[in-house]
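# Architecture and fold: a report
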Amino acid sequence: MQIQENVPLAPLTTLGVGGNARYLVEVRSEPEAREALSLASERNLPLFILGGGSNVVIGDRGFAGLVLKMSIRGLEEEWEKGDRLFWVGAGEPWDPFVARTVAEGFAGLVLLSGIPGTVGGTPIQNVGAYGAEVATSIRAVRAIDRRDGCIVEIPAAACSFGYRRSIFNTEKNGRYLLLAVCYSLSKEENPELGYPDLRSFFSRRGGPPSLPEIREEVLRIRRAKAMVVLADEEDSRSAGSFFKNPVLEPAAWVELQRRAEKLGLVPPSYPADDGQRKVPAAWLLENSGFPKGLHRGSVGISRRHALAIVNRGGATAGEIVAFMEEIKRTVEATFAIRLQPEPVFVGFDTP
Ligand code: EPU
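The following paragraphs examine the structure supplied in this document. Along each chain, numbering runs from 1 in the same order as the chain's sequence is written. Only residues with pLDDT of 70 or above have their local features reported here, since the model is predicted, and side-chain atom pairs are shown and tallied only from 80 upward, although totals for entire chains, interfaces and linings are computed over all residues. Heavy atoms from the whole structure form the basis of all side-chain values; hydrogens and water molecules are not counted.

## Overview of the pattern of salt bridges
Side chains bearing opposite charge may pair, as long as their charged atoms lie close to each other. Salt bridges are defined as contacts in which a side-chain nitrogen from Lys or Arg sits within 4 Å of a carboxyl oxygen from Asp or Glu. In total, this model carries 24 salt bridges according to the counting rule given. With a closest N to O distance of 4.0 Å, Arg 312 and Glu 234 form a salt bridge. Of this pair, Arg 312 sits in the loop between strand E18 (309–311) and helix H8 (317–335) while Glu 234 sits in the loop between helix H5 (211–224) and strand E13 (247–248), and the two are 78 residues apart along the sequence. Beyond isolated ion pairs, a larger network of salt bridges with shared partners links Glu 77, Arg 84, Arg 100 and Glu 104. Secondary structure follows DSSP: runs of H or I at least 4 residues long count as helices, runs of E at least 2 residues long count as strands, and numbering of each begins at the N terminus.

Structure, rendered in structure tokens:
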């Protein structure tokens, strides 16, 4: 395992901003993962675990500790009654794994096609799209418990999955180093095509679509929104959705409708748990002065989707954060809603 020093982190992320890692090790096996953890504790270095870099904002001063680049690969399949268990290394790229399950006739992950990043990131923020969430397919997570160095298998039921949340990004944040994820898929499953974009396409087409057709359509929609990372696509130089879709208590929902009505608007919304409403943050941005394509120098809003802040070339993390703060202030003043950022912030004084 080679310890590199002063490694630029921007090229390892899709947003492409930020400074250097003081140290960086690329970890390709479980023994190397243990070694990296020992190194961090011996030298008393803060640790940051980097996967695909598609959901992080690195600060301009970089990270004054050890970045562990998770590159454990590998995939093992096991039969379990009618189900198939896929044990996948945390460093495996996500979408090729999804493509493989689709080719083998499993529907469970097809709606999560085209999402950038690595397998290890998926349980942390319970990756979701088009009405599907990875939590539905996760059986267990294999990890090193950093408190005692033991390898543990955490069943899905103990992960407390919710909208863009799990124990790994909330109460147990930082405690586990994820090594592998076990997905349980069944041939009996059918994808739920209730999401408006998908429903309209498949109802026009007539007849039930095949899994490869569903995957193609999801990829087409994501590409149209620049939510597939492509080297020549400026609007995909982002961290995906920059804010979570707010989930509003009934009183906040009433207040939003009141304020929207004054502007002659009707906010879109979806039912959420316990009588709450989930509102698309993209709509809040568009209707408080941040339309697609708006820019401030080298930062801006994607021309294809209002929820992505893009680095138009040469942006700094400071510029990204200043733009984020401007958006948060304006949306709060317009709609009385405090947006929460969705990516992970690394190397900032306050998150
Ligand atoms: N909308 C706008 N303007 C836009 C885009 C969307 O007003 O430019 C409004 C429309 O009303 C639209 C609604 O927002 O109907 C929903 O938009 P979209 O279907 O694009 O989804 P989203 O809610 O903005 C979420 C996830 C995405 C995921 C998509 C697809 C979050 C924070 N984001 O976005 O996840 O791909 O649904 O299911 O929940 C990510 O987390 O990084 C991410 C890309």
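## Quick notes on the environment of Ser 298
As for its position among the elements, Ser 298 is in the loop between strand E16 (295–296) and strand E17 (299–301). Only protein chains enter the accessibility calculation, which uses a 1.4 Å probe; a residue is then buried when its area is under 20% of its type maximum, exposed when over 50%, and partly exposed in between. A relative accessible area of 16% means that Ser 298 is categorised as buried. Counting along the chain gives 270 residues from Ser 298 to Arg 28, while the straight-line C-alpha distance between them is 36 Å. Sequence-distant contacts of Ser 298, defined by excluding residues within four places in its chain, comprise Val 310, Asn 311, Arg 312, Gly 313, Gly 314, Ala 315 and Glu 319. By the criterion applied in these results, polar contacts are pairs of N or O atoms within 3.5 Å in which, for protein atoms, one can donate a hydrogen and the other can accept it, and in which residues neighboring in sequence qualify only through two side-chain atoms. A polar side-chain atom of Ser 298 sits 3.4 Å from a polar atom in the side chain of Glu 319. We call two residues in contact whenever any of their non-hydrogen atoms come within 4.5 Å of each other.

## Some remarks on the packing of helix H6 (residues 250–262) against H8
Axis lines are fitted to C-alpha atoms, over the contacting stretch for helices. Their N-to-C directions set the angle, which ranges from 0 to 180 degrees. The N-to-C vectors of H6 and H8 enclose an angle of 85°; their axes lie 9 Å apart at closest approach. Classified by the interaxial angle, the pair formed by H6 and H8 is roughly perpendicular. On H8, the residues touching Leu 256, Arg 259 and Ala 260 of H6 are Glu 332, Ala 333, Thr 334 and Phe 335. Classifying every residue of the contact of H6 with H8 gives four nonpolar, one polar and two charged. Just so you know how the angles are binned, under 35 degrees is roughly parallel, over 145 roughly antiparallel, 65 to 115 roughly perpendicular, and the rest oblique. Classification convention: Asp, Glu, Lys, Arg as charged; Ala, Val, Leu, Ile, Met, Phe, Trp, Tyr, Cys, Pro as nonpolar; all other residues, Gly among them, as polar.

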